[in-house]
Structures are given as C-alpha cells and as structure tokens.
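Listed below, chain by chain, are the residues.
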Amino acid sequence: AQNSTFYAQAREVYETVRAADPTEIEIARYWADDPGKTATPPGHWISILNQVLEQEGATLALASESYAKVGIALADAFITCWHTKYLYNVPRPITYIQKVIDPTWNTPIVVDPVITPPFPEYTSGHSVQSGAAATVLADLFGATYAFTDHTHTRLGFASRTYASFQEAAQEAAISRLFGGIHYRAAIENGLAQGECVGRRVLALRIGKQ
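Residues numbered from 1 in each chain as written. Predicted model: local features only at pLDDT ≥ 70, side-chain atom pairs only at ≥ 80, totals over all residues. Heavy atoms only, no water.

Participant: Would you take a moment to explain the side chain of Arg160 for this structure?
Facilitator: You can see Arg160 is positioned in strand β2 (residues 160-162). Polar side-chain contacts of Arg160 include one of 3.3 Å to the side chain of Tyr162. The residues contacting Arg160, other than those within four sequence positions of it, are Glu26, Ile27, Tyr30, Phe147, Thr148, Asp149 and Glu171. (Helix = DSSP H or I, 4+ residues; strand = E, 2+ residues; numbered from the N terminus. Polar contact = N/O pair within 3.5 Å; in protein donor to acceptor, adjacent residues only side chain to side chain. Contact = heavy atoms within 4.5 Å.)

Participant: Would you take a moment to explain helix α1 (residues 5-18) for this structure?
Facilitator: Since the α-helix turns once every 3.6 residues, residues separated by three or four places project in the same direction. The terminal C-alpha atoms of α1, which comprises 14 residues, lie 20 Å apart, in line with the 20 Å expected from a rise of 1.5 Å per residue. All of the buried residues in α1 are Tyr7, Gln9, Ala10, Val13, Tyr14, Thr16 and Val17. Close packing links the buried residues of α1 with α5 (93-101), α7 (165-178) and α8 (184-202). (Expected span 1.5 Å × (residues − 1). Buried < 20%, exposed > 50% of the residue type's maximum accessible area, 1.4 Å probe, protein only.)

Participant: Would you explain the packing of aromatic side chains in this entry?
Facilitator: Each aromatic ring pair is characterised by the separation of its centres together with the angle its planes make. This structure, assessed with the given rule, holds 15 aromatic pairs. An angle of 55° between the planes, with centres 5.8 Å apart, marks the rings of Phe141 and Tyr145 as tilted. The two residues Phe141 and Tyr145 agree in class, both being buried. Every member of this aromatic cluster is reached through a ring pair, and the members are Tyr30, Trp31, Trp45, Phe141, Tyr145, Phe147, Phe157, Tyr162 and Phe165. Over the face of the ring belonging to Trp82 we find Lys85, whose NZ or CZ atom lies 5.2 Å from the ring centre. Over the face of the ring belonging to Tyr30 we find Arg160, whose NZ or CZ atom lies 5.9 Å from the ring centre. (Phe/Tyr/Trp six-rings, centres within 6.5 Å; stacked < 30°, edge-to-face > 60°. Lys NZ or Arg CZ within 6 Å of the ring centre and 35° of its normal.)

Participant: Just to check I follow, could you spell out helix α3 (residues 41-56) for this structure?
Facilitator: Helix length check: α3 (16 residues) gives 23 Å between terminal C-alpha atoms against 22 Å at 1.5 Å per residue, within 8%. Every buried residue of α3 is accounted for by Pro41, His44, Trp45, Ser47, Ile48, Leu49, Gln51, Val52 and Leu53. On its buried face, α3 is in contact with α2 (22-30), α4 (60-88), α6 (125-141), β1 (147-149) and α7. Directly after α3, the chain includes Gly57, whose backbone phi takes a positive value near 60°.

Participant: How should the nonpolar core be read in this particular structure?
Facilitator: Soluble globular proteins: nonpolar side chains tend toward being buried together. Trp31, Trp45, Phe141 and Phe165 are the most contacted members of the largest nonpolar core, which totals 55 residues. Looking at this core element by element, the count peaks at eight residues for α6. Once residues within four sequence positions are removed from consideration, Phe165 is found in contact with Trp45, Ile48, Val52, Ala134, Leu137, Ala138, Phe141, Gly142, Tyr145 and Phe147. (Core = buried A, V, L, I, M, F, W, Y, C linked by side-chain atoms within 4.5 Å.)

Spelled out as structure tokens, the structure:
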C-alpha cells in the first residue's frame, strides 16, 4: 500500500538513486567492494586497520590484538547478518520498485551504481560489518580517531578522510542507499546490529587480562 512504511522506504530508494549527485555515486562505488573487483567488504576494513597500524607504528602486541578483535567482529557480523537475512527474507528494492512503483526501473539493463546481489535484503551486510568494525576500532584507537583511507587509490578513486571510525561506518552504510540496493531500515538497523556485535567482541577475554 502506498501509505505503508515499506512503500515509503522503497520510494526513498527510487527517488534517491534518480536524483543522486556525483558525490553520492562516488560513495556508492567507493564502498561497493564487490568480490573479485576490490578488497571485499571485510577486506576494506582490514585495509583500514592496516593503514592505522602503520600510521601508529604499532607494536606487535597491539597489532595482534587489533587483528584478532577486528577479525572476530567482521566474521561474527556476517554470521548474524546472514541469519537475519534468511529469517526475514525481505525482497530487494529492485524487485519491489519494478512491481509496485515503476516497471521500467533498471530495464532493460541495470543502471544503478551498484548491482543488486542475489540474496535477501535485510539487514545490510555492509552496515552490520561496518558497525562492528568501527565499534572495535574506536575502542582500540579512540572514538575521535581521524584517518585517511587509501584503500582504492590503485583503482582510480581519490582517498577519503574521516573524523572517526563511526563516520566511515555511517558512510559505508548509507552508500547502499545511494547504490539502490538497500532500504533505510536495513542500513540503520544493520549499523545497530553491528555495534552490538562489536560490543560483544570487546567483552571477550583476550590475552592476559
């Protein structure tokens, strides 16, 4: 129904992509991280960690702890995300928009900045894993740790600078709306889901504590 929350969120995806400006399209593509093309979503956050550790001149002890915690957070984030996806089995925007809003959407060829992957929509994997990684990284290096991400410069993207890990996570998450493949609920609830995973990881007893 056109007065439903679900319709409103689908309409937001539809209108956002149609009106996307160059900056939003760049963000969608920067964080796409399609397997086989870039570092993959978890690989992107490991790349960020690599850069931070190098910038800090980290000790072996700090590096080991950081890789362990971030690695566990990323792995658990995807486990819980995929459990959620197949529990709720929500159709992707492209499916709903073509059926209810505009049958010509992405036909005869897909023109969205990001190609819709072949699995359920809710929650957003990028959002969950970014929320988890950012929560752990903020604990390790500080909630207001500023950094510049050079992950995709070799692919022709400009480096991107963030005032915090949370800011980067929020951009990674909203990139899925700009890309036309997630509703806002999957993005915002995905970030919260990831933050929960991150807090659980931080509660683990690791090393000599």
